[in-house]
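For reference, the chains in residue letters:
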Amino acid sequence: MSFDRMIEKIVETQNPTVAGLDPKLAYIPSYILDGAVAKYGKTLEAAAAALLEYNKGLIDALCDIVPAVKPQAAYYEMYGWQGVRTLAETVAYARAKGMFVITDGKRNDIGTTMEAYATAHLGKTDVFGEKTEAFGADALTVNGYLGTDGIKPLLGVCEAEDKGIFVLVKTSNPSSGELQDQKMESGKTVYETMGEFCEHWGETIMGKYGYSGVGAVVGATYPAQLGEMREKAPHTFFLVPGYGAQGGGADDVAPAFDKNGLGAIINSSRGIMCAWQKEKCDEHDYAQAARREAIRMRDEICARIGEIRANG
Ligand SMILES: O=C(O)c1cc(=O)[nH]c(=O)n1[C@@H]1O[C@H](COP(=O)(O)O)[C@@H](O)[C@H]1O
């Protein structure tokens, strides 16, 4: 019902980061692609099989040092139902390896439809009287801009199934300020107001470490807002994308953490997935290159957190 399981995983691995699994065929070594095409031809089935093999390699290489993965649903939907099957298989594989799985779906709709999304990704679907996990993630990214009735159905599922949600508050993209930075009649910005909603929505699903099961997405590309929101939303755990490929670094993400070095999990997708291409190493070494980048990222961020804690 909260992010306690994720926090415990972060503490166990001493690593407040999440590896994004946003696979594209262009990132996948040719030996994997060739094998899939030899088996299935140039089909969606082949693409989906290649994605799965690539993801499994990454998960195997990361699962003992990185607490969580974040597959972004769009990269799987791009390959039709075959791709969506790979999403489900990726979630199951990562969970079986002990990783906390955040499905990045950014879902949003009216209450009754959100109930269906909540059931699909976090809950159990009623199949002829039998309750079965459909996708089975641990957390889901959602858009809260439809208001409370869109979020409420998720809270019930989070409480019953020990799951969490991350609500978009201040996104990492260049245009995020167009709407999110606007001042409302209250004098507060839109993102600040959404942060207040997160604090409120989370009240009924508080965890033992002071954070609720309602987290917020706040981008690494806006460090000042990260620091502002850390103060204003003290019970809201942050998912922080924008490190690496979007330009964010350790200094930028540092304000996301509380005085105990908790409170945030930093995502890198392309930075980790494409490390082998950046390194220009042998393609068979792609997963170990991802591991090297994940270790570099962890050490850089942990060193920065250590400095902050040392300086009070
Ligand atoms: O919800 C997200 O994860 C998200 C929110 C946001 O504001 N910005 C953002 O980049 N993301 C996601 O975080 C990932 C960033 O990927 P990289 O830029 O490759 O590290 C992608 O899956 C994005 O969809």
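Calculation criteria
Residues numbered from 1 in each chain as written. Predicted model: local features only at pLDDT ≥ 70, side-chain atom pairs only at ≥ 80, totals over all residues. Heavy atoms only, no water. Helix = DSSP H or I, 4+ residues; strand = E, 2+ residues; numbered from the N terminus. Rg over C-alpha atoms; globule rule 2.2 N^0.38 Å. Buried < 20%, exposed > 50% of the residue type's maximum accessible area, 1.4 Å probe, protein only. Contact = heavy atoms within 4.5 Å. Lys, Arg positive; Asp, Glu negative; His and termini not counted. Charge placed at Lys NZ, Arg CZ, Asp CG, Glu CD. Disulfide = S-S within 2.5 Å. Axes fitted to C-alpha atoms, helices over the stretch in contact; angles between N-to-C directions. Parallel < 35°, antiparallel > 145°, perpendicular 65-115°, else oblique. Left-handed = near helix turned anticlockwise from the far one by under 90°. Nonpolar A, V, L, I, M, F, W, Y, C, P; charged D, E, K, R; others polar. Near = heavy atom within 4 Å. Polar contact = N/O pair within 3.5 Å; in protein donor to acceptor, adjacent residues only side chain to side chain. Areas by Shrake-Rupley, 256 points an atom, 1.4 Å probe, with all protein chains shown as cover. Pairing = 2+ DSSP bridges. 1 Å grid on protein atoms, 1.4 Å probe; cavity = no way out; pocket = protein on both sides within 12 Å on 5 of 7 lines; lining within 4 Å. Points joined across faces, edges and corners; volume = space filled by probe spheres on them.

Chemist: Teacher, can you tell me more about the overall build of the protein here?
Modeler: The helix and strand tally for the protein stands at 14 helices and 10 strands. By the compact-globule yardstick of 20 Å for 312 residues, the protein fits well, its C-alpha radius of gyration being 19 Å. Based on the C-alpha atoms only, the size of the protein along its principal axes is roughly 60 × 55 × 35 Å. When burial is assessed residue by residue, the protein has 54% of its 312 residues classed as buried. Long-range pairs, those at least 24 residues apart, make up 73% of the contacts in the protein between residues at least 6 apart in sequence. Charge centroids of the protein, computed over 32 positive and 42 negative side chains, lie 2 Å from each other.

Chemist: Explanation requested: the state of the cysteines in the structure shown.
Modeler: Among covalent bonds in proteins, the disulfide is the one between the sulfur atoms of two cysteines. Summed over the entire model, instances satisfying the criterion amount to 0 disulfides. Left without a disulfide partner, Cys63 is nearest to the cysteine sulfur of Cys302, which lies 18 Å away. Cys63 sits in the buried class, given a relative accessible area of 17%. For Cys302, a relative accessible area of 28% corresponds to the partly exposed category.

Chemist: So what exactly am I meant to see when it comes to the side chain of Ser268 here?
Modeler: Structurally, the position occupied by Ser268 is in strand S10 (residues 264-268). What makes Ser268 buried here is its relative accessible area of 1%. Among all residues touching Ser268, those that are not within four sequence positions of it are Val18, Ala19, Gly20, Tyr243 and Met297.

Chemist: Help me understand the packing of helix H3 (residues 44-62) against helix H14 (residues 286-310), please; the structure alone is not making it clear to me.
Modeler: Between two packed helices, both the angle of their axes relative to each other and the distance between the axes serve to describe the pair. The contact between H3 and H14 brings their axes to 8 Å, and the two run at 45 degrees. When the axes of H3 and H14 are compared, the pair comes out oblique. For the element pair H3 and H14, the recorded crossing hand is right-handed. Packed against H3, whose contacting residues are Glu53, Tyr54, Gly57, Leu58, Ala61 and Leu62, the element H14 presents Tyr286, Ala287, Gln288, Ala290, Arg291 and Ala294 at the interface. Within the contact of H3 with H14, the residues separate by chemical class into 8 nonpolar, 2 polar and 2 charged.

Chemist: Looking at this structure, how should I read the site of the ligand?
Modeler: Near the ligand, the surroundings consist of 16 residues, among which Asp22, Lys70, Ser172, Gln246 and Arg270 are the closest. For the ligand, an oxygen atom lies 2.9 Å from a polar atom in the side chain of Lys70. Ser269 is positioned such that a nitrogen or oxygen atom in its backbone is 2.9 Å from an oxygen atom of the ligand. Protein burial of the ligand: of its 510 Å² of free accessible surface, 90% is covered by the chains. Taken together, the elements giving at least two residues each to the shell around the ligand come down to strand S3 (100-107) and S10. Residue classes in the shell around the ligand are distributed as 4 nonpolar, 7 polar and 5 charged.

Chemist: Could you clarify how one ought to interpret the pairing of strand S5 (residues 130-133) in this entry?
Modeler: A regular strand places its side chains on the two faces of the sheet in alternate fashion. The sheet contact formed by strand S4 (residues 124-127) and S5 spans 4 bridges and is antiparallel. For Lys124, the partnering residue across the bridge sits in S5 and is Glu133. Remark: 2 residues form the turn of the hairpin made by S4 and S5, two consecutive strands paired antiparallel; Phe128 in that turn has positive phi of roughly 50 degrees.

Chemist: Looking at this structure, how should I read the sheet that holds strand S6 (residues 139-142)?
Modeler: Pairing between the strands of a sheet is mediated by backbone hydrogen bonds and can be parallel or antiparallel. Read around the closed barrel, 8 strands run S1-S2-S3-S6-S7-S8-S9-S10, paired in parallel fashion. Neighbouring strand axes in the sheet, compared pairwise and without regard to direction, differ in orientation by 30 degrees on average. Summarising the sheet, strand S8 (residues 214-218) and strand S9 (residues 238-240) pair through 2 bridges and their orientation is parallel. Residue pairing in the sheet places Ala216 in a bridge with Phe238 of S9. Packed on one face of the sheet, helix H5 (residues 80-96) meets strand S1 (17-21), strand S2 (68-71) and S3 and runs near 150 degrees to S3. With respect to the sheet, helix H10 (residues 223-232) is in contact with strand S7 (164-170), S8 and S9, its orientation differing from that of S9 by roughly 170 degrees.

Chemist: Any chance you could explain the layout of surface pockets here in plain terms?
Modeler: A probe as big as a water molecule, rolled over the atoms, marks out the empty space that is left. Taken as a whole, the largest pocket encloses approximately 430 Å³ of empty space. Along the wall of the largest pocket there are 23 residues; nearest its centre are Asp22, Lys70, Ser172, Pro241 and Gln246. Class assignment of the residues belonging to the lining of the largest pocket gives a composition of 8 nonpolar, 10 polar and 5 charged.

Chemist: Where do I start with unusual backbone geometry in this structure?
Modeler: One non-glycine residue, Gln14, adopts positive backbone phi at about 50 degrees. Within the fold, Gln14 resides in the loop between helix H1 (4-13) and S1. Within the chain, Lys106 stands out as a residue other than glycine whose phi angle is a positive 45 degrees. Considering the arrangement of structural elements, one finds Lys106 in strand S3. Residue classification places Lys106 among the partly exposed positions, given a relative accessible area of 35%.

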